[in-house]
Amino acid sequence: MFKKLPGDQVTGLVTTTPDTAVVFRPAVVRTPVIITIVIFVWRALAGLVRMVWRHPIATAVLAVPAAVTWLYGWRVALLVVWLPVSVLLPWALFDRATFNAWIGWRLLAFWRLAWVYRRHWHAVMTISGLARHAGGRDYVPHLVAVRCTSWADLVTVDMLTGQAVKDWADRIEHLAHGFGATSCRVSVARAGRLLLTFPRRDPLAVPLPALPLPETVSIGPVEIGIREDGRPWRLKVHGTHVLAAGATGAGKGSILWSVIRALIPAVWTGVAELWGLDPKLMELSFGRPLFTRYAASPADCADLLDEAVERMQKRAEKFAGVQRDHVPTVEDPFVLVIVDEVAFLTAYQSDRALKQRISAALATLTTQGRAVGFGVLAALQDPRKDVLTIRNLFPDKIALRLDESEQVDMVLGDGARDRGALADHISSVPQEGAGVAYVRLEASPDPIRVRAAYVSDADIRDMVALFQMEEAA
């Protein structure tokens, strides 16, 4: 066989076993040493400049003492280090918030980048299937930067060319456990770039007491709780419709009563009205005097909804050709229809005629009510499509604790759970999980984790007593 091959091919021959294909060694191009050295030096300098640019404080903390020690000895270095420490230590002790904002979180981000993410990056990307091997080369997504907040690490990543957001959303559990976090959320920063959120602690683990009654009249967005990032959770109720779904004991009442509490000043002044539908007679009946209209039996609920539709249509005729957006006034107040258990009136209603009336009225309100100042806030236990056929007519959705992972996408929309809305993982212990929810707004596909304030029975009684005193005055 060797006689049949030219001499230059014989030198590159690897195997000539009869039962295998002929394999030749690939051609090797030897790179001059000087070029290799230049490439390594260039990469080292580029990495150093990048590190200084992204982490100036952390770099200075390490580089300045080392340089002073090298040039002037350890005594001078100790003095140089002690002077800023004598200023920074009291700052950190007496004004921790500003210290963390300027220095603390930057140092933590530098440490987390080096010790957690960059150290495990290649292994996690490869094992989770996000890295690729093609043409004899390994392609790994680029770790751009790490920022730290009081509760989470925000990791910016450049995806590989041709990757989709779903490739990352399908692997949030791999990423979370790979980097030692309890969960991971994926959001799009810009084209080709993702923002991964890895929580370090749960800022919503402690129940939030009822918020004080607002001092100013407002119809929204109303403050009803706190977001995971520490900012107030303000829920829009005017100009939208809201659906809150959750299992028994998940805290739906916290959302309903927090909204009612926030609208009390507007109800006092007459620029808002609360219409309550309470088929279970166990939730809204506690604060019945707060509602302009109230109904409990299915027949009364159907009549109330028909009245709301009739009033909405009259207002639409009044606004036709005059104005397109509703501005609450005493003559044309904002009307919020609150339904405690909407499935009891739609799916579980035995009277077919009442069921059709209620479903038709709710569909009319949710399709035509926003522009003329009519909103619907509905609570639901079972989010299946056959239970509430009009759930897609609610622009803003809230998912409290749910029993199954499939129910998350039923409430918040397709792909919400893959983006990190783990509503099925919320604790069933009331002190830990009641009122905790994921919110998906009409304007944003990314779910937000929140916790509603808990309005106790005593708080409701105080609200009713105060409301009655104001009305009497």
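The paragraphs below set out a description of the structure included in this document.

Here is what the cut-offs are and how they apply
Residues numbered from 1 in each chain as written. Predicted model: local features only at pLDDT ≥ 70, side-chain atom pairs only at ≥ 80, totals over all residues. Heavy atoms only, no water. Axes fitted to C-alpha atoms, helices over the stretch in contact; angles between N-to-C directions. Helix = DSSP H or I, 4+ residues; strand = E, 2+ residues; numbered from the N terminus. Left-handed = near helix turned anticlockwise from the far one by under 90°. Contact = heavy atoms within 4.5 Å. Expected span 1.5 Å × (residues − 1). Bend = angle between axes of the 7 residues up to and from the residue. Buried < 20%, exposed > 50% of the residue type's maximum accessible area, 1.4 Å probe, protein only. Pairing = 2+ DSSP bridges. Arc of directions from axis to C-beta. Polar contact = N/O pair within 3.5 Å; in protein donor to acceptor, adjacent residues only side chain to side chain. Phe/Tyr/Trp six-rings, centres within 6.5 Å; stacked < 30°, edge-to-face > 60°. Lys NZ or Arg CZ within 6 Å of the ring centre and 35° of its normal. Core = buried A, V, L, I, M, F, W, Y, C linked by side-chain atoms within 4.5 Å.

So, the packing of helix α9 (residues 298-319) against helix α11 (residues 352-368)
A pair of packed helices can be characterised by two numbers: the angle between their axes and the separation between those axes. Contact pair α9 / α11: the axes reach a minimum separation of 9 Å and the direction vectors enclose 30°. α9 and α11 meet at a crossing whose hand is left-handed. Taking contact as the criterion, the partners of Pro298, Ala299, Ala302, Asp303, Leu305, Asp306, Ala308, Val309, Met312 and Gln313 in α9 are, on α11, Leu354, Arg357, Ile358, Ala361, Leu362, Thr364, Leu365 and Gln368.

Brief notes about helix α5 (residues 96-128)
Taking 1.5 Å of rise per residue, 33 residues should cover 48 Å, yet α5 covers just 38 Å from first to last C-alpha, more than 12% shy of that figure. Along α5, the largest kink reaches about 55° and is centred on Trp121.

A look at the pairing of strand β12 (residues 272-277)
Within β12, six of the six residues are buried, which leaves it mostly tucked inside the rest of the structure. A two-sided burial pattern is seen for β12, the buried positions comprising Ala272, Leu274 and Gly276 on one face and Glu273, Trp275 and Leu277 on the other. In this structure, β12 lies alongside strand β14 (residues 334-339), joined through six bridges in parallel fashion. Among the inter-strand pairings, Glu273 is bridged to a residue of β14, identified as Val335. In this sheet, strand β13 (residues 293-295) lies alongside β12 in parallel orientation, the contact comprising three bridges. Paired with Trp275 across the strands is Arg293, a residue of β13.

What about the environment of Arg106?
Relative to the assigned elements, Arg106 resides in helix α5. Along the sequence, Arg106 and Arg147 sit 41 residues apart, while their C-alpha atoms lie 7.2 Å from each other.

Let's talk about the sheet that holds strand β16 (residues 396-399)
The 10 strands lie next to each other as β10-β9-β18-β17-β16-β11-β15-β14-β12-β13, forming an open sheet whose pairing is mixed. A single partner strand is all that each edge strand has here, and the edge strands are β10 (232-235) and β13. Averaged over neighbouring strand pairs, the angle between their axes works out to 25° when direction is ignored. Each of β12, β13, β14 and β15 (374-380) touches α9; the most contacted strand, β12, lies at about 150° to it.

Digging into α9
Over its 22 residues, α9 runs 31 Å from end to end, which matches the ideal 32 Å to within 8%, given 1.5 Å per residue. If you check which residues of α9 are buried, you get Cys301, Ala302, Leu304, Leu305, Ala308, Val309, Met312, Arg315 and Phe319. Burial along α9 is one-sided: seen end-on, the buried residues are contained in an arc of 160°. What points out from α9, more than 90 degrees from its buried face, is the exposed set Lys314 and Glu317. Residues of α9 that are buried sit in contact with β12, β13, β14, α10 (342-346), α11 and β15. The first or second residue beyond α9 is Gly321, which carries a positive phi of 75°.

So, the side chain of Glu273
Tracing the backbone shows Glu273 in strand β12. Among the polar contacts made by the side chain of Glu273, one reaches the side chain of Arg311 at a distance of 3.0 Å. Ignoring anything within four residues of it in the chain, the contact list for Glu273 reads Thr292, Arg311, Pro333, Phe334, Val335 and Leu336.

Comments concerning the pairing of strand β17 (residues 436-440)
Of all five residues in β17, five are buried, a share of seventy percent or more. Of the two faces of β17, the one carrying Val436, Tyr438 and Arg440 and the one carrying Ala437 and Val439 are both buried. With three bridges joining them, β16 and β17 adopt antiparallel strand pairing. The partner of Lys397 across the bridge, within β17, is Arg440.

A word on the packing of aromatic side chains
Across all of its chains, the model carries eight aromatic pairs by this definition. Judged by centre distance (6.2 Å) and plane angle (45°), the rings of Phe291 and Tyr294 are tilted. Taken together through their ring pairs, the aromatic side chains of Tyr117, Trp121, Phe179 and Phe198 make up a single cluster. The lysine or arginine in question, Arg119, covers the ring of Trp115, its NZ or CZ lying 3.9 Å from the ring centre.

Section: the nonpolar core
Grouped together as the largest cluster of nonpolar side chains are 69 residues, with contacts concentrated most on Trp168, Leu175 and Leu196. Broken down by element, this core gets its largest block of residues, eight residues, from α9. Residues Phe291, Ala437, Val450 and Val464 belong to the second largest nonpolar core, which totals 43 residues.

All we've got here are geometric facts, nothing functional implied.
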